[in-house]
Amino acid sequence: MQRTSTEGPDYFHKVVDCQWACPAHTPVPEYIRLIAEGRYSDAYMVNWKSNVFPGILGRTCDRPCEPACRRGRVEDEPVAICRLKRVAADNKGDIAGMMPAPMAVSNGKRIALVGAGPASLTVARDLAPLGYELTLFDGETKSGGMIRSQIPRFRLPEEVIDEEVGYITGLGMEVRLGERIDSLKALLAEGYDAIFVGSGAPRGRDLDLPGRQEAAANIHIGIDWLSNVSFEHVDKIGKRVIVLGGGNTAMDCCRTSRRLGGEDVKVIVRSGFEEMKASPWEKEDAIHEDIPILNYLVPKAFTHEEGKLTGVTFAKVRPEFDDKGRRRLVPSGEPDQHFECDDVLIAVGQENAFPWIERDIGVEFDEWGMPKVDAVTFQSTAPTVFFGGDAAFGPKNIIWAVAHGHDAAISIDKHCKGEDVAVRPAPMTTLVSQKMGIHEWSYDNDPANDGRYKVPLRGKAEALKDVRLEVELGFAREMAYRETQRCLNCDVQTVFAEAACIECDACVDICPMDCITFTQNGEEPDLRTRLTAPSLNLAQDLYVSDSLKTGRVMVKDEDVCLHCGLCAERCPTGAWDMQKFLIQMTHAGPACRDSHEKTRKAA
């Protein structure tokens, strides 16, 4: 293998698995250390710069960071990264002075943002301080998009939404709520320099089954029903409720139903329990609230009498796998099952709806009715129109919408400056030694052996009485501190200097995880078989040195390294050092100016 190149931004970034997995690349270990130090406001601002909605995401994020967490490779449970984010939000002080000030002078460019959800708000957050004149449109009377309309208040209190949306709208922009955009052509005619479409995936999928029309009064589309509950248009439901679907929306529907009068609430899914799209903790929360989840049942018909829904009939299926491991559902041969109910909530997916975008204005659509959007620049085939969030590539989640917003803001900024939107500058990175002495580091390199701490919950009887009463109580400061100590500081990198190495193998002897091997070089598949410890995670890179004096190379498997620093403490020549890696993701602004433009200005 060639010597590992650590000079670019990606190698050490990938070693910080949680940050690499986060679509917005939030510097997770950095803010966890700040929480441990009691610097909650600083931890909040680290989050705010990258993921924009720390208090919201600290309660609702899909947590792609946690399955990637290295702690989960050395024991059962990852660090509670998401809930620690909430700790920063709940305990911060007055951060008004830490927020960017609105640009006092306009740069003369006007941007329209369609939809006041997380993608559009992120674009606004990035562009407002740069002097852009922003106009934010939304058909609802309150901003926040799906954050406000589809996430129940018992998971996300309204005051948290108001606060964090307010930080963005307070940067200076025109907010036109209750004003739905019905024609993109008409909006283009208003002369905006760019338009960002962040209108979400506003349409829930329906089920065209026998009885659907006859019993329509008691069959509801899940996301529409949740929106009606959020905006207080709906405050009750029947005692017997069936929720169709296995995603997070279905979990929100069933738990909301329990709070609005549903006594017998069931979730019925066509797939197996493990295959459900809902996050594991969402399923756990539903089961905790006495909601059964029934699997491998496919709805066949809605039953009704005299126009009133009476129940749903299901076919029982089972999974069958072909010789390539592909699964399909086949009839089990068992009799159909019928479940009585008063109401049905359909939560089987969402899709985009663009009837308001004319097909003669330069925005091309694919065969599925989705706009053709560049996956890097988020620019459509109409150069002034950009998409992001669910409107760009279909339903995902808040953190993906935020990431889209950051990237789209870069493109809009470059487009308005007359630059190539495809030229994307690399992130800024730094590596700083943490050495304070032979056996002392500026970070705590002794992680706790504690298991993952559980977030306290409100009592079930009390929680089920009020649809707006938050269930999770969050970590208290002391418990949050204990959870922070489980972090392995993966951003404090083990950096190796070949020239200083005398090949004494002291680092090999002391490494508690057997991560380090000195051996003859070879091709990667062969080299992985000759490491001190089995190299099981092929997705994790090997850190390979240049040839040493004996002709051997140092190979470090990054997979289960604890970043404890023992190798650097033991090394008699300082060939190993612990260096904190910090990556600053590229956001819209001066850092994105083309190099020739920077040179021209400097001259």
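**Let's talk about the overall build of the protein**
Reasoning step 1: Within the protein, the regular secondary structure consists of 23 helices and 24 strands.
Reasoning step 2: When its C-alpha atoms are laid out on the principal axes, the protein stretches across 90 × 65 × 50 Å.
Reasoning step 3: Sorting the 603 residues of the protein into buried and exposed places 55% on the buried side.
Reasoning step 4: Within the protein, contacts between residues at least 6 apart in sequence are counted, and of these 71% link residues at least 24 apart.
Reasoning step 5: Carbon and sulfur atoms form 51% of the exposed surface of the protein, whose accessible area is close to 26100 Å².
Reasoning step 6: Taking the 72 positively charged and 93 negatively charged side chains of the protein as two groups, their mean positions are separated by 1 Å.

**Thoughts on empty space enclosed by the protein**
Reasoning step 1: Enumeration according to the criterion identifies eight cavities of 30 Å³ or more in this entry.
Reasoning step 2: Lining the largest cavity are 18 residues, with Arg83, Arg155, Arg255, Asp285 and Glu472 positioned closest to its centre.
Reasoning step 3: With four residues, helix H15 (residues 280-288) is the single largest residue contributor to the lining of the largest cavity.
Reasoning step 4: Considered class by class, the residues forming the lining of the largest cavity number five nonpolar, two polar and eleven charged.

**Remarks on the pattern of salt bridges**
Reasoning step 1: Applying the stated criterion across every chain, the model contains 57 salt bridges.
Reasoning step 2: Here the salt bridges share partners, and the residues they tie into one network are Lys142, Arg148, Glu158, Asp162, Glu232 and Arg468.

**Looking at helix H3 (residues 28-36)**
Reasoning step 1: Counting buried residues along H3, eight of its nine residues qualify, which places the element largely inside the surrounding structure.
Reasoning step 2: Turning to H3, its buried residues are Val28, Pro29, Glu30, Tyr31, Ile32, Arg33, Leu34 and Ile35.
Reasoning step 3: Residues of H3 that are buried make contact with helix H2 (17-21), helix H4 (40-51), helix H8 (81-91), helix H19 (477-484), strand S20 (492-496) and strand S24 (576-584).
Reasoning step 4: Downstream of H3 by one or two residues, Gly38 has phi in the positive range, about 80°.

**Structural notes on the environment of His415**
Reasoning step 1: Turning to its location among the elements, His415 is positioned in helix H17 (residues 398-416).
Reasoning step 2: Taking the C-alpha atoms as reference points, His415 and Gln379, separated by 36 residues in sequence, lie 9.7 Å from one another.
Reasoning step 3: In this structure, His415 is in contact with Asp193, Ala194, Gln379, Pro383, Thr384, Phe386 and Val421, ignoring residues within four places of it in sequence.

**Describing the sheet that holds S24**
Reasoning step 1: One open sheet accounts for three strands, arranged S17-S24-S20; its pairing is antiparallel. A single partner strand is all that each edge strand has here, and the edge strands are strand S17 (428-433) and S20. Strand-to-strand twist across the sheet, computed as the mean angle between neighbouring axes with direction ignored, equals 40°.
Reasoning step 2: Pairing of S20 with S24 involves five bridges; the strand directions are antiparallel. Residue pairing in the sheet places Phe496 in a bridge with Trp576 of S24.

**Here we look at the confidence of the model for the protein**
Reasoning step 1: Looking at the protein, pLDDT values average 94 and 98% of them are 70 or higher.
Reasoning step 2: Between residues 595-603, whose pLDDT stays under 50, and residues either more than four places distant or in other chains, the model counts five contacts.

**Structural notes on the environment of Gly200**
Reasoning step 1: In this structure, Gly200 sits in the loop between strand S4 (194-197) and strand S5 (203-204).
Reasoning step 2: On the accessibility criterion, Gly200 (19% relative accessible area) is buried.
Reasoning step 3: With 55 residues separating them in the primary sequence, Gly200 and Gly145 have C-alpha atoms 7.7 Å apart.
Reasoning step 4: Sequence-distant contacts of Gly200, defined by excluding residues within four places in its chain, comprise Asn352, Asp390 and Ala391.

**Regarding the sheet that holds strand S14 (residues 343-346)**
Reasoning step 1: Here we have five strands laid out as an open sheet, ordered S6-S14-S7-S8-S9, and parallel in their pairing. Looking along the sheet, the strands with just one partner apiece sit at the ends: strand S6 (219-221) and strand S9 (293-294).
Reasoning step 2: For strand S7 (residues 240-244) and S14, the ladder comprises four bridges, and the chain directions are parallel. Bridging from a neighbouring strand, Leu244 pairs with Ile346 of S14.
Reasoning step 3: Sitting on the sheet, helix H14 (residues 248-259) is in contact with S7, strand S8 (264-268), S9 and S14, with an inclination near 175° to S8.

**Description of the state of the cysteines**
Reasoning step 1: In this structure the tally under the stated criterion is zero disulfides.
Reasoning step 2: Distance from the sulfur of Cys69, which forms no disulfide, to the nearest cysteine sulfur (Cys18) is 6.4 Å.
Reasoning step 3: Its sulfur unpaired, Cys487 is 6.2 Å from the next cysteine sulfur, which belongs to Cys490.
Reasoning step 4: The buried category is assigned to Cys487, whose relative accessible area is 10%.

**Quick notes on the pairing of strand S10 (residues 297-305)**
Reasoning step 1: In the sheet, S10 pairs with strand S11 (residues 308-321) via eight bridges, with the strands oriented antiparallel. The residue of S11 that forms the bridge with Glu305 is Lys308.
Reasoning step 2: Here S10 folds back onto S11 in antiparallel fashion, the turn holding two residues, of which Glu306 has a positive phi close to 50°.

**As for the layout of surface pockets**
Reasoning step 1: The volume enclosed by the largest pocket comes to roughly 1100 Å³.
Reasoning step 2: Lining the largest pocket are 48 residues, and of these Gly247, Asn248, Thr249, Lys277 and Gly349 lie nearest its centre.
Reasoning step 3: At the level of elements, helix H5 (54-60), helix H13 (222-230), H14, H15, S10 and H17 are the ones that each hand at least two residues to the lining of the largest pocket.
Reasoning step 4: Ranked by residues supplied to the lining of the largest pocket, first place goes to H14 with four residues.
Reasoning step 5: Residues belonging to the lining of the largest pocket are distributed by class as follows: 24 nonpolar, 14 polar and ten charged.
Reasoning step 6: A volume near 830 Å³ is recorded for the second largest pocket.
Reasoning step 7: Taken together, the elements giving at least two residues each to the lining of the second largest pocket come down to helix H9 (118-127), strand S2 (133-138), helix H10 (146-149), H13, helix H16 (390-393) and H17.
Reasoning step 8: With four residues, the single largest contributor to the lining of the second largest pocket is H13.

**Looking at the packing of H3 against H8**
Reasoning step 1: Running from N to C, H3 and H8 cross one another at 50°; their axes reach a closest spacing of 10 Å. Taken as axis vectors, H3 and H8 run oblique relative to one another. Relative to H8, H3 is oriented so that their crossing is left-handed. Of the residues in H8, those in contact with Val28, Tyr31, Ile32 and Ile35 of H3 are Ile81, Leu84, Lys85, Val87 and Ala88.
Reasoning step 2: For the contact of H3 with H8, the residue count by class is eight nonpolar, no polar and one charged.

**Concerning the packing of aromatic side chains**
Reasoning step 1: Within the structure shown, the criterion is met by ten aromatic pairs.
Reasoning step 2: A ring pair is formed by Phe314 and Phe339, whose centres lie 5.7 Å apart and whose planes are at 70°; its orientation type is edge-to-face. Taken together, the residues Phe314 in strand S11 and Phe339 in strand S13 (residues 337-340) connect sequence positions 25 residues apart.
Reasoning step 3: Among the residues examined, Phe314 registers a relative accessible area of 0% and is labelled buried.
Reasoning step 4: Phe339 sits in the buried class, given a relative accessible area of 14%.
Reasoning step 5: The structure contains a cluster of three or more aromatic residues connected by ring pairs, namely Tyr11, Phe12, Tyr543 and Phe581.

Conventions and cut-offs
Residues numbered from 1 in each chain as written. Predicted model: local features only at pLDDT ≥ 70, side-chain atom pairs only at ≥ 80, totals over all residues. Heavy atoms only, no water. Helix = DSSP H or I, 4+ residues; strand = E, 2+ residues; numbered from the N terminus. Buried < 20%, exposed > 50% of the residue type's maximum accessible area, 1.4 Å probe, protein only. Contact = heavy atoms within 4.5 Å. Areas by Shrake-Rupley, 256 points an atom, 1.4 Å probe, with all protein chains shown as cover. Lys, Arg positive; Asp, Glu negative; His and termini not counted. Charge placed at Lys NZ, Arg CZ, Asp CG, Glu CD. 1 Å grid on protein atoms, 1.4 Å probe; cavity = no way out; pocket = protein on both sides within 12 Å on 5 of 7 lines; lining within 4 Å. Points joined across faces, edges and corners; volume = space filled by probe spheres on them. Nonpolar A, V, L, I, M, F, W, Y, C, P; charged D, E, K, R; others polar. Salt bridge = Lys/Arg side-chain N within 4 Å of Asp/Glu carboxyl O. Pairing = 2+ DSSP bridges. Axes fitted to C-alpha atoms, helices over the stretch in contact; angles between N-to-C directions. pLDDT = per-residue confidence, 0-100. Disulfide = S-S within 2.5 Å. Parallel < 35°, antiparallel > 145°, perpendicular 65-115°, else oblique. Left-handed = near helix turned anticlockwise from the far one by under 90°. Phe/Tyr/Trp six-rings, centres within 6.5 Å; stacked < 30°, edge-to-face > 60°.

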